[in-house]
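Each chain, letter by letter, is given below.
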Amino acid sequence: MIRSTPALALSRNAPNPRSPQAADVASGIIELLEVLWEHGRDAVSPAPVSTSQLRVLYTLDREEGINQRSLGEVLGAAPSSVSRLCDRLQALGFVERSPSPVSRRELELRLTPQGRAYLQDLRARREDILQSAIAAMPATTRQALSDGLTGFRHALETASPLAAQDRNGAHGRAHGMSA
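On a predicted model such as this, the values are computed, not experimentally measured, just so you know. Residue numbering note: each chain is counted from 1, following its sequence as written. Given that the model is predicted, a residue must reach a pLDDT of at least 70 before its local features are reported, and side-chain atom pairs must reach 80 or more before they are shown or counted; all residues, however, enter totals for whole chains, interfaces and linings. Side-chain measures were taken over the full set of non-hydrogen atoms in the model, leaving aside hydrogen atoms and water.

Quick notes on the pattern of salt bridges
Definition in use: Whenever Lys or Arg places a side-chain nitrogen within 4 Å of a carboxyl oxygen from Asp or Glu, that contact is recorded as a salt bridge. Put simply, DSSP marks the helices as runs of H or I at least four residues long and the strands as runs of E at least two long, and each gets a number from the N terminus on. Burial classes follow relative accessibility: with a 1.4 Å probe on protein chains only, a residue under 20% of its type's maximum area counts as buried, one over 50% as exposed, and anything between as partly exposed.
Tallied over the full model, the rule gives nine salt bridges. Where D61 meets R116, a salt bridge forms, and the shortest distance between an N and an O atom there is 3.0 Å. Note that D61 is positioned in helix α2 (residues 51-62) and R116 in helix α5 (residues 113-135), a separation of 55 residues in sequence. For D61, a relative accessible area of 28% translates into the label partly exposed.

And the structure:
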């Protein structure tokens, strides 16, 4: 069961991002997210893939045909680690590698139908669990959660250094996307 912490009791005035209050709130949020993440992992049947491998699958789902170098940049991982992750996912039948039509030295990565089915099933199970939990919440609490997450998303989009890079097109160009 998730309990409310004093760190999550936000005042109406937004705290200074460097203040002890902001640090306390952030710590409480991180703790809750970790608990939720673990609960979600435990509630869904054991996966044949690790968290790192799941990140690869999600990335390939979003960026069909990405090459291993670009995947490594997205994941912040060394080329050898990316290669091993892809080897394991290919052995499971979730990922396929194919020569790039642009460069003979590059391999493009794609989800197989089995990999897509795995992600679809995983998302459906997680969505069912989330819907059940949200349905058990009082309407006012559901609205507060929605409002809070909307505000959190807006703050991330406007205040984070990565958001500033994205607005300036630097992040997208680094991954071969148009700004």
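Observations concerning helix α4 (residues 79-92)
The test is simple: The length a helix should cover is 1.5 Å for every residue beyond the first. The arc refers to the directions leading from the helix axis to the C-beta atoms. Here a residue-residue contact requires only that any non-hydrogen atoms of the pair lie within 4.5 Å.
When the terminal C-alpha atoms of α4 are compared, their 20 Å separation across 14 residues agrees well with the 20 Å that a helix rising 1.5 Å per residue should span. Listed as buried for α4 are V82, L85, C86 and L89. Seen from one end, α4 has its buried residues packed into an arc of 95°, which puts them on one side. For α4, the elements touching its buried residues are α2, α3 (68-75), β1 (95-99) and β2 (107-111). Note on α4: the residue one or two positions beyond its end, G93, has a positive phi of about 85°.

A short note on the confidence of the model for the protein chain
Our working definition: Per-residue confidence from the predictor is reported as pLDDT, which spans 0 to 100.
Across the protein chain, the average pLDDT comes to 79, with 74% of residues at or above 70. Note on residues 1-12: pLDDT is under 50 here. Beyond four places in sequence and across chains, it has 15 contacts. Scored below 50 in pLDDT, residues 170-179 shows twelve contacts in the model against residues more than four places distant or in partner chains.

Observations concerning the nonpolar core
Our working rule: We define the nonpolar core as a collection of buried residues of types Ala, Val, Leu, Ile, Met, Phe, Trp, Tyr and Cys that are connected through side-chain atoms lying within 4.5 Å of one another.
The biggest cluster of nonpolar side chains holds 20 residues, and the ones touching the most others in it are L54, L57, L71 and V95. In terms of residue count, α2 provides more of this core than any other element does, five residues in total. Once residues within four sequence positions are removed from consideration, V95 is found in contact with L57, L60, L89, Q90, L109, R110, L111 and T112.

So, the packing of α2 against α3
Here is the rule: Structural elements are reduced to axes, namely lines fitted to C-alpha atoms, with helices fitted over the stretch in contact, and the angle between N-to-C directions of any two is expressed from 0 to 180 degrees. By definition, any crossing whose near helix is turned counterclockwise from its far helix by less than a right angle is left-handed, and any crossing with a clockwise turn is right-handed. Throughout this entry, Asp, Glu, Lys and Arg are counted as charged residues, while Ala, Val, Leu, Ile, Met, Phe, Trp, Tyr, Cys and Pro are counted as nonpolar. The remaining residues, Gly among them, count as polar.
Running from N to C, α2 and α3 cross one another at 115°; their axes reach a closest spacing of 11 Å. As for how α2 packs across α3, the hand of that crossing is right-handed. For the pair formed by α2 and α3, the contact residues are R55, V56 and T59 on the first element and L71, V74 and L75 on the second. Tallied by class, residues from the contact of α2 with α3 come to four nonpolar, one polar and one charged.

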